[in-house]
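So you can see what is in the structure, the chains are spelled out below.
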Amino acid sequence: KNEVEQSPQNLTAQEGEFITINCSYSVGISALHWLQQHPGGGIVSLFMLSSGKKKHGRLIATINIQEKHSSLHITASHPRDSAVYICAVDNNNDMRFGAGTRLTVKP
Amino acid sequence: SQTIHQWPATLVQPVGSPLSLECTVEGTSNPNLYWYRQAAGRGLQLLFYSVGIGQISSEVPQNLSASRPQDRQFILSSKKLLLSDSGFYLCAWSRGLNQPQHFGDGTRLSIL
């Protein structure tokens, strides 16, 4: 079993839909990162969180430490949100990555 | 503001040849530095990280090595490339432990 499990692997949505991507992990962590990888390969860090909830614009990330689970939500999705979203758990520089969720938002 | 530079963007090398990928960070001092690899069809994997000059931690035993000759310079090397070294290599920096990481644009390495 992978230490970091993401679901779904692929997600297709219509523009405007509310998106949820889930991440479950089985190891101890000091922080959890959500990353966005664009088709060209470039990666942008969206969130780093160790408890509770964070919000940047239309993106919301939550984490439940007790349940070892995090979710990334996108409200009012847009085609430019199409990318691969990667969950990564951080245990003092020991980073483990999920396989990623490929999101396609259709106009 | 801080920036991270990684080069080259793409590289095609024959099996058995050496490798040197360079990453530099501007606008900050004593960053944590990271090298990641993403093999085709696979997820990201942490290869090396460094918390200071000359300090390298290796996550995965392999054909690669890393060095940090200066505070804001991180180099990924190999003496003899293998086919399995093909992939997308990303450098990243952070201010410290459990801090957001900022990624370079990556190097796409193809081994022939």
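It should be noted that the structure appears before, not after, this text.
This structure is a prediction, so every number in the text was calculated from the model and none was measured.

Peer 1: Describe the state of the cysteines, with residues and values.
Peer 2: Evaluation of the coordinates by the stated rule reveals 2 disulfides over all chains. Each disulfide pairs two cysteine sulfurs, and for Cys23 of chain A the partner residue is Cys87 of chain A, the sulfurs being separated by 1.9 Å. When the S-S torsion is -65°, as for the bridge of Cys23 of chain A with Cys87 of chain A, the disulfide is left-handed. One end of the pair, Cys23 of chain A, is in strand S3 (residues 19–25); the other, Cys87 of chain A, is in strand S9 (residues 83–91), with 64 residues separating them in the sequence. Put simply, Cys23 of chain B and Cys91 of chain B are joined by a disulfide, and their sulfur atoms are 1.9 Å apart. Measuring handedness by torsion sign, the sulfur bridge of Cys23 of chain B and Cys91 of chain B sits at about -75° and is left-handed.

Peer 1: Lay out the environment of Gly52 of chain B with the relevant residues and their values.
Peer 2: Residues and elements named next belong to chain B. Checked against the element boundaries, Gly52 lands in strand S5 (residues 44–52). For Gly52, a relative accessible area of 4% gives the class buried. In this structure, the C-alpha to C-alpha distance between Gly52 and Ser110, residues 58 residues apart in sequence, is 30 Å. When near neighbours in sequence (up to four residues on either side) are disregarded, Gly52 contacts Asn30 and Arg68.

Peer 1: I'd like a description of the interface of chain B and chain A, backed by residues and values.
Peer 2: Every contact between the two is made by 19 residues of chain B and, on the other side, 18 residues of chain A. The contact between chain B and chain A buries some 1500 Å² in all, and 55% of this surface belongs to carbon and sulfur atoms. Together, Leu44, Asn98 and Phe103 of chain B form the three largest contributors to the area buried by chain B at its contact with chain A, with a combined 36%. Taken together, chain B and chain A are joined by 0 salt bridges. Here chain B and chain A share 2 residue pairs in polar contact (both at pLDDT 80 or more) between them. Where the side of chain B that touches chain A is concerned, the elements lending two or more residues are strand S4 (32–38), S5 and strand S9 (87–94) of chain B. Broken down by element, the side of chain B that touches chain A gets its largest block of residues, 5 residues, from S5 of chain B. When grouped by side-chain class, the residues that make up the side of chain B that touches chain A number 11 nonpolar, 6 polar and 2 charged.

Peer 1: Kindly report on unusual backbone geometry, identifying the contributing residues and their values.
Peer 2: Pro8 of chain A follows Ser7 of chain A through a cis peptide bond whose omega is -10°. Locating Pro8 of chain A in the fold gives a position in the loop between strand S1 (4–7) and strand S2 (10–14). That bond from Trp7 of chain B to Pro8 of chain B is cis: its omega, 0°, falls within 30 degrees of zero. For Pro8 of chain B, the location among the structural elements is in the loop between strand S1 (3–7) and strand S2 (10–13).

Calculation rules
Residues numbered from 1 in each chain as written. Chains lettered and ligands numbered in written order. Predicted model: local features only at pLDDT ≥ 70, side-chain atom pairs only at ≥ 80, totals over all residues. Heavy atoms only, no water. Disulfide = S-S within 2.5 Å. Helix = DSSP H or I, 4+ residues; strand = E, 2+ residues; numbered from the N terminus. Buried < 20%, exposed > 50% of the residue type's maximum accessible area, 1.4 Å probe, protein only. Contact = heavy atoms within 4.5 Å. Buried area = accessible area lost by both parts, 1.4 Å probe. Salt bridge = Lys/Arg side-chain N within 4 Å of Asp/Glu carboxyl O. Polar contact = N/O pair within 3.5 Å; in protein donor to acceptor, adjacent residues only side chain to side chain. Nonpolar A, V, L, I, M, F, W, Y, C, P; charged D, E, K, R; others polar.

Function-wise, these values are silent; they only describe arrangement.
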